[in-house]
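# Survey of secondary and tertiary structure
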Amino acid sequence: MKMFRSRSWFGGGWGRPKNPHSLEHLKYLYNVLSRNQTVSEHNRELLVETLRSIAEILIWGDQNDSSVFDFFLEKNMLSFFLRIMRQRSGGSNYVCVQLLQTLNILFENIRNETSLYYLLSNNHVNSIIVHKFDFSNEEVMAYYISFLKTLSLKLNAHTIHFFYNEHTNDFPLYTEAIKFFNHPETMVRIAVRTLTLNVYKVDDSSMLAFIRDRTAAPYFSNIAWFIGKHIQELDMCVRNEADHHSQNRLADLVAEHLDHLHYINDILCLNITDLNHVLTDHLLHKLLIPLYIYSLASHRRKSSLPEGVNQAVAKILTKTSSGPDSPRVQDPLSGRVSCVVALFLLSQVFLILSHSPLVQSLAWIILKTDSTVLDKGVNTLLEHYETEKKLLEDSLSDEASAVNSSSKEALLEDLINITDEEKEKLAKNPSENVAMHKPFLETVYSALDCSENDYGALFALCLLYAMANNKGITSDVIEQVLKPKKSFMSKSSSKDIKYSYNVYLVEKLLLIISLACQPTCRIRLVTLEISLKLLLQLVICDGKNILLEPHRAVIETAKSQSMALLRNFYKSEEIFLDMFEHDFRYCDMSKSSLNVEWLCMDSAILLPPAGTPLTGIDFIKRLPCGESEKARRAIRLFFLMRNTVLTLSGEIETQLPLTNPQSCVQIEQALDLSISRYNSDLIACTVLYKDGMKMRRFLVIDVLQLILVEPDNKRLGWGVAKLVGFLQDIEVTGDKDDSRCLHITIHRPISGATTNRVPLLSAKFLFDDNIRCMAAKQRLTKGRMKARQKKMQHIARLLEIPGQSGPPSPAFTGQGLYTCRATGRNLRENRQLFTAGRAPGFAAPKRESSPGVLHRADESRRHRDGDSPHRLSNLRKELSASPSNNNVKKETRSREASSSRTKSREGSPKMPRPRSEEIPLELIKKASHSIIDMAPKINILPRPQSVKTESEPCTSGLINDNAQSKESGVLKEATIISEETSFIGDRQSDKRGEEREAV
C-alpha cells in the first residue's frame, strides 16, 4: 500500500516521464493540475512546481516541438490558471505570484509568432489582466506590472488586435496600466511609462483614436497635476534643506522631475500629431505657464514661507524683479514656487524638451511678453502669442513679396551712409530697453546680479543658455536677445553686413566675469564658465568676433586680473606645479563644451553655495575652502580667461601644456641607446618589487623622464622602454642597510578632486656598487629639481612675472634640451657617467690654478675690451695710474675665481673642460719676455703647434723663436709669477718696445 501511494498522482513518482522536456511530461503535468484545481495549504507547493515546469516545457516546445503548444491549446490549460487566480482560499497569493512569474517568463522567451498567437487566443490573457489581484502584496504588484510590461513589448500591428477590442472599444492592457502612473514604487512608475510608450508606437489608427478620445485628456491632465504637486514638494525641500544637512530627498525629487520631462519628451518625439496637441495644451495651460513662468513674476511674502526657514535663504529664494505683482492664476495648484526653483526647472525644460510648438511658445512668453498682457491670465497670454505669431508670419510674407520697395531701398541707403559712432549707437539701441515692460525677462536679468553671491545667477545663465541652444526655437524669437543679428546693408552686395548683439546682456555677463576675477568674490567657477560660453555665443557670428572695443577692453582687463590673482599663489603652495598641470588637463578635457544638462541634473546646486568640501559638492560648484583650493580656483580661472581671449582673437594655444606629449618617451617605444641622449646616463640596475619579483633593467635619466629600459633582442644597441615616469614626480631615498640600494617611488599625476598621489611604481633599485648608486641618486635628485624649475619658469613666463622673459620651455616646444644646447653645455650636462676606459672611482688629477690663466671673473672684461683697437694702451694707462692697487685687486680676483671653481667641482667627476674654457698651449710655453695677446683672435691648434701669423699689427712678429724654449723653464717661471696673463702681456709688450728702440 505504501509503495502504491508513492507512485500515485499525488506522490508524483509513478507515471512521471524520465524526460522533463517532452510532450509526455506536459501531459503528466496536465493531470496534476486537473486533480488539484482547488488551492490549499497542502498542495500549493505542488502547484507552484507544476506551473514552473509547464513554463519550462512550453519554452522548449516553442523552439523544438510544435506539438507541445497544440496539446496546451487543446486542453485549454490557461483556464486552469484563471481558476487558480479567482480562488480566495489560503495560499492563493502564494500561487498567484508563481503564476504571474510563469506567465512573465513564458511571454518573455517565446520567439515563434504562431506560438504567441496560440497563447493570446481565447482572450484568457485579457481576463488575467483585468483580474482583481491583491496589490497590497508587494510581490503580486511587482510581478503583475512586469507581466504587463512584457506584454507591451510584444505589441505590433498584428498583435494589437488581441488586446484592443475595436467593437467593444476596450483596451485593458493600457487602461489598467495607467492607473499606476503615480505609484509610490519607482519600478512600477517606470514600467507604466515604458508600457505607454510601447503602446503609442503601434501604428494603428483606431487604437490611437481610442487613446486620444477616451484616455488622453484625463491621463495627460493627471500627469500635469502630479508633476505640479511634485514641484511644490521640491520647492519645500529646497527651503527646509538650506543648511545641506540632508540632500538625498532633494536628489530624489530632482531625479523624479527629470524622469517626468524625459517621459514627456519621449511622447512628443513620437510625432503623433493628435497626442502631441493634447499633451502640449495641457502642459501649457495647467503646468508650465501658471506654475513655472508665473513664479518668475510673483513676490512671495514672508508670511507664506514655511516655519523654521532660514530667513537669509528665504531672502535669496524670494529675490525677484521689481516689476508689478502678478495676480494669482487659477490653476490646479495652490501657490507658486520660488524664483530660483522656477529658473532651475525652466532650464531643465528647455534642455530636455525640443518640441517646437511647446518650447517656441515658452520662449516667446519669457522673452517678449508685455506687462499689460500679464494680468489677464494664461488663456489671454496664449491668445496674444498666437496673434503675434500670425502677424509675424504675415509680415515676413509681405516683405518677401515687396522686394522692390523703394522705401526699403532708401532706408538701406541711409544705413550705409551713417558714421561709425552712429553704427555703434544703432547696435546698442535695440537692446537698451530690451527688458523694459517685459516682467519675465526682467526677472531673468535681475537674477544675474552677483554683488552678493551667484546663487540665482547660475540658474538664470542656465536658462538663457538652454533657450539659446534649443533646436526647437526658431531664430526669429531669440535673435537680438540670445543670438547676434546679421543684416545686409545693401541688397546688391552681400559683403556689406552689419552685426549687432544684445549689449545689455553682454554687459551683464562682463560684469560677472570681472567680479569673478576679483580676489574676494563669491562667484563659483561653474557660473563663470557658463557666462563665458554664453558670451562667446553672443559675440561670435560667422566665425568673426563682433565684440565692441569697450567690451574687448573689459575682457583683456579681466584676463590681466586673473593673471595677477594667480601670481599671488605662484610658489606659495608646495604642489603648485602639480595642481597647475592637473587643472589644465581638466580644463583641456572639458574644453569642448560644458554639459549644462548634466549640471542641471545635480540637485546640489539648488542649495545656497557651499564653502566646504564636507558637503560632497564638486569643486567647481562650490566656493573654495582654504589656500590650496583658492590656488586651484585661481589656476582654473586663468585657464578659462586665457582660452576665452584666444577664442575671441582667433588664435590657437601654443604654450600649453607644459609638457608636450609628442616629445616624451612612451612605453614599449624602441630607443637607440647609442646616442648621447640616452647613453650618457645609462646605469644597469635590478628592480626589486614588493611582491618579490626581480627584473634586470637599465636606468635612463632623460631631461624630463625616468625610463626603465630592457635590451632589445632584435637590434644590438637598442632598448625597449618598459616603464616611464616624470622626474618631477619621483621620490628617492637611500637604504640604511645597503649602500647599493635606492628606494624610488614614481607618483602618478594628481587626478580628481583629491591631492593624494597614487604611486605608479614603488620599488627598490639595486645597483652594481655604491658608486653607481650614489651617482644615480644624484642624477635623479638633480633631474627632479631641474625639471620642476624649468616648468615653473615656463609658468612664470605665462603669468608675465618680471625677470622670466625668454623663449618657451623646451619641455613644451618639443625641441628638447638635448638638441639645442651649446657645445660647452652639451659637454657638461650630457657627459657619460662611466666611460669605457674609466671605472667608477677612478682618481683624476687635481687641477690647480695656474698663473697666466684667464678666469671667468675677467671674461666679461675681456669681451668688453676685445673689440677696442686701443685695448693694450688703455690697460697700460690703468696700470700706470695705480699699479699697486690694481695688482692686488686683480691677484685677489684671480685667486677667488680659481678657488670657487675648485670648490664647485668637489664631489663630482672631473670631466674634460669645454674648449671655450681651455688655455691655449702656446700661452703657457711663452718666454717671459714675449708679448702675449689675450684677444679672442688666437687660434687653438692641436699639437704639435705651429705659429700662425696674424694680420693685426699688435700681434705680428710678437711670437718669435723664444716660444720654442724648454717647457720646464716656463713652468718654473709660472710658479713664481702670480699676476694674470693679460698683465704679463702688457709688461712684456713694454719691454719689447724698449728693446726695439735700442736696436
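Quick caveat, the model's predicted, so the values are computed rather than measured.

## Focus: the overall build of the chain
Scanning the chain from N- to C-terminus turns up 41 helices and twelve strands. Looking at the 999 residues of the chain, the share that counts as buried comes to 47%. Counting contacts in the chain only where the partners sit at least 6 residues apart, residues at least 24 apart contribute 70% of the total. Carbon and sulfur atoms form 51% of the exposed surface of the chain, whose accessible area is close to 50,300 Å².

## A look at the packing of aromatic side chains
Going through the model one piece at a time under the given rule, you end up with 30 aromatic pairs. Judged by centre distance (5.3 Å) and plane angle (75°), the rings of Phe-135 and Phe-180 are edge-to-face. Residue Phe-135 is located in the loop between helix H8 (124-129) and helix H9 (138-153), and its partner Phe-180 is located in the loop between helix H11 (172-177) and helix H12 (186-200); the two are separated by 45 residues in the primary sequence. By way of ring pairs, the aromatic residues Tyr-164, Phe-171, Tyr-174, Phe-181, Tyr-200, Phe-210, Tyr-219, Phe-220, Trp-225, Phe-226 and Tyr-263 are connected into one cluster. Over the face of the ring belonging to Phe-619 we find Arg-632, whose NZ or CZ atom lies 4.2 Å from the ring centre. The positively charged end of Lys-791 is found above the aromatic ring belonging to Phe-726, 5.2 Å away from the centroid.

## Remarks on the pattern of salt bridges
Following the criterion strictly, the structure yields 26 salt bridges and no others. For the salt bridge of Lys-722 with Glu-668, the shortest nitrogen-to-oxygen distance reads 3.2 Å. You can see Lys-722 sitting in strand S9 (residues 718-726) and its partner Glu-668 sitting in the loop between helix H31 (626-649) and strand S5 (670-672), a full 54 residues away along the chain. In this structure Lys-722 comes out as partly exposed when scored by relative accessible area, which is 30%. Each of Glu-668, Arg-697, Glu-710 and Lys-722 takes part in salt bridges that share partners, so that together they form one network.

## A few points about helix H3 (residues 44-64)
With 21 residues, H3 should reach 30 Å at 1.5 Å per residue; the first-to-last C-alpha distance of 30 Å fits that figure. The set of residues buried in H3 consists of Leu-47, Val-48, Thr-50, Leu-51, Ser-53, Ile-54, Ala-55, Ile-57, Leu-58, Ile-59, Gly-61 and Asp-62.

## A closer look at the sheet that holds strand S12 (residues 759-767)
As summarised here, the arrangement of the eight strands in space is S5-S9-S8-S7-S6-S12-S11-S10, forming an open sheet in which the pairing is antiparallel. Of all the strands in the sheet, the pair left with one neighbour each is S5 and strand S10 (730-734). Adjacent strand axes in the sheet meet at a mean angle of 40° when their direction is disregarded.

## A closer look at the packing of H12 against helix H14 (residues 248-269)
It is at 10 Å that the axes of H12 and H14 come closest, and there the two elements cross at 10°. The pairing of H12 with H14 is recorded here as roughly parallel in orientation. Within the contact between the two elements, H12 uses Arg-189, Arg-193, Thr-196, Leu-197 and Tyr-200 and H14 uses Glu-256, Asp-259, His-260, Tyr-263, Asp-266 and Ile-267. A per-class count over the contact of H12 with H14 returns four nonpolar, two polar and five charged.

## Quick look at unusual backbone geometry
A cis amide bond, omega 5°, links Leu-656 with the succeeding residue Pro-657. One can find Pro-657 in the loop between H31 and S5. Residues other than glycine seldom take positive phi values, yet Asn-76 does so here, at roughly 50°. With respect to the helices, strands and loops of the structure, Asn-76 is situated in the loop between helix H4 (67-74) and helix H5 (78-85). At Asn-169, a residue that is not glycine, the phi angle is positive and equals roughly 55°. Its location among the elements puts Asn-169 in the loop between helix H10 (160-163) and H11. Note on Asn-169: relative accessible area 30%, which makes it partly exposed.

## Quick look at H4
Within the span of H4, buried status applies to Val-68, Phe-69, Phe-71 and Phe-72. For H4, the angular spread of the buried residues around the axis is 160°, confining them to a single face.

## Considerations on the packing of helix H2 (residues 23-35) against H3
Viewed as axis vectors pointing N to C, H2 and H3 meet at an angle of 150°, and their least axial separation amounts to 10 Å. Relative to H3, H2 is oriented roughly antiparallel. Remark: the crossing between H2 and H3 carries left-handed chirality. When H2 is examined against H3, the residues His-25, Leu-26, Leu-29, Val-32 and Leu-33 are found in contact with a partner set consisting of Leu-46, Leu-47, Thr-50, Ser-53, Ile-54 and Ile-57.

## Quick look at the confidence of the model for the chain
In this model, the chain carries a mean pLDDT of 75, and residues with pLDDT of at least 70 account for 67%. pLDDT under 50 marks residues 299-334. Its contacts with residues more than four places away, or in other chains, come to 73 contacts.

## Quick look at the pairing of S9
Inspection of the sheet shows S5 paired to S9 by three bridges, in the antiparallel sense. Residue pairing across strands places Asp-672 opposite Trp-718, the latter belonging to S9. In this structure, strand S8 (residues 705-711) lies alongside S9, joined through seven bridges in antiparallel fashion. Paired with Ile-707 across the strands is Val-724, a residue of S9. Adjacent in sequence and paired antiparallel, S8 and S9 are bridged by six residues, among which Gly-717 carries a positive phi angle near 85°.

Thresholds, definitions, all that
- Residues numbered from 1 in each chain as written.
- Predicted model: local features only at pLDDT ≥ 70, side-chain atom pairs only at ≥ 80, totals over all residues.
- Heavy atoms only, no water.
- Helix = DSSP H or I, 4+ residues; strand = E, 2+ residues; numbered from the N terminus.
- Buried < 20%, exposed > 50% of the residue type's maximum accessible area, 1.4 Å probe, protein only.
- Contact = heavy atoms within 4.5 Å.
- Areas by Shrake-Rupley, 256 points an atom, 1.4 Å probe, with all protein chains shown as cover.
- Phe/Tyr/Trp six-rings, centres within 6.5 Å; stacked < 30°, edge-to-face > 60°.
- Lys NZ or Arg CZ within 6 Å of the ring centre and 35° of its normal.
- Salt bridge = Lys/Arg side-chain N within 4 Å of Asp/Glu carboxyl O.
- Expected span 1.5 Å × (residues − 1).
- Pairing = 2+ DSSP bridges.
- Axes fitted to C-alpha atoms, helices over the stretch in contact; angles between N-to-C directions.
- Parallel < 35°, antiparallel > 145°, perpendicular 65-115°, else oblique.
- Nonpolar A, V, L, I, M, F, W, Y, C, P; charged D, E, K, R; others polar.
- Arc of directions from axis to C-beta.
- Left-handed = near helix turned anticlockwise from the far one by under 90°.
- pLDDT = per-residue confidence, 0-100.

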